[in-house]
Amino acid sequence: MSEEKSRLRSTAALVLLRTNLVCGLLSGVSLLLMMVAGTADVIGTNLDLVGLNSQPIPAAFEFMATMMVVTVFLATALGQARRNHIRVEVIVKMMPRKFTRLARIIEFSLSALFWGLIAWYGWLSGFHSVAVGEYATGLINFPIWPARLVLGFGASMMLLQCLFDLLSIFDE
């Protein structure tokens, strides 16, 4: 590989890694917000046990559902970049090197296809949700479209990571 291609590849890898790190940080923040909201909702719901008026937090369930999507989909690509996903390699470790490489090509190709379909549907669903102003009905009308857009973005990041991993096999 030429030096210019190598430099371009390492720059792309750095941008992808930094974007994944920022997404991972946002995922952690959303998990923290879920814990705070869930704790506050449980405490607020059970105040009657100590003789106070109890009342759940309005839209806490909808907020938790949105934050769950943020937590899962923004962290997935970082997990892939760090190779933290669960893998069963019993058979692959017994294969000769050229078959191992073929298995990795199939693995990343199928992963890219899978995440590409999720991203495609996520973006379609997200844009439709924005267009119609979709929200969950309750005491507070909670918007659903941010979660749908985050799903599309997170799946797109995972798709990019899988494609990057696939291309890196051919550099070995």
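Please refer to the structure higher up on the page.
Reference entry: report on the structure contained in this document. (Residues numbered from 1 in each chain as written. Predicted model: local features only at pLDDT ≥ 70, side-chain atom pairs only at ≥ 80, totals over all residues. Heavy atoms only, no water.)

Overall, the coordinates contain 2 salt bridges when judged by the stated rule. The shortest N-O distance in the salt bridge between Asp 165 and Arg 83 comes to 3.0 Å. Placement of the pair is Asp 165 in helix α5 (residues 145-169) and Arg 83 in the loop between α2 (60-81) and α3 (90-94), with a sequence separation of 82 residues. Here Glu 134 ties to Arg 148 by a salt bridge, and the two come within 3.1 Å at their closest N and O atoms. With Glu 134 in the loop between α4 (97-132) and β1 (135-136) and Arg 148 in helix α5, the pair connects residues that are 14 residues apart, well separated along the chain. (Salt bridge = Lys/Arg side-chain N within 4 Å of Asp/Glu carboxyl O. Helix = DSSP H or I, 4+ residues; strand = E, 2+ residues; numbered from the N terminus.)

Another point: the environment of Leu 21. Within the secondary structure, Leu 21 sits in helix α1 (residues 3-45). Taking the C-alpha atoms as reference, Leu 21 lies 6.5 Å from Leu 78; in sequence the two are 57 residues apart. In contact with Leu 21, not counting residues within four places along its chain, are Leu 78 and Arg 82. (Contact = heavy atoms within 4.5 Å.)

Before going further, it helps to examine the nonpolar core. Within soluble globular proteins, side chains that are nonpolar generally end up buried alongside one another. By size, the foremost hydrophobic cluster in this structure holds 12 residues: Leu 16, Val 69, Phe 73, Ala 77, Ala 112, Trp 115, Ala 119, Ala 147, Ala 155, Met 157, Met 158 and Cys 162. Secondary-structure elements contributing two or more residues to this core are α2, α4 and α5. In terms of residue count, α5 provides more of this core than any other element does, 5 residues in total. Leaving out residues up to four positions away in the same chain, Val 69 has contacts with Leu 74, Ala 147, Val 150 and Leu 151. Listed in part, the 6 residues of the second largest apolar core include Cys 23, Met 34, Leu 74 and Val 150. (Core = buried A, V, L, I, M, F, W, Y, C linked by side-chain atoms within 4.5 Å. Buried < 20%, exposed > 50% of the residue type's maximum accessible area, 1.4 Å probe, protein only.)

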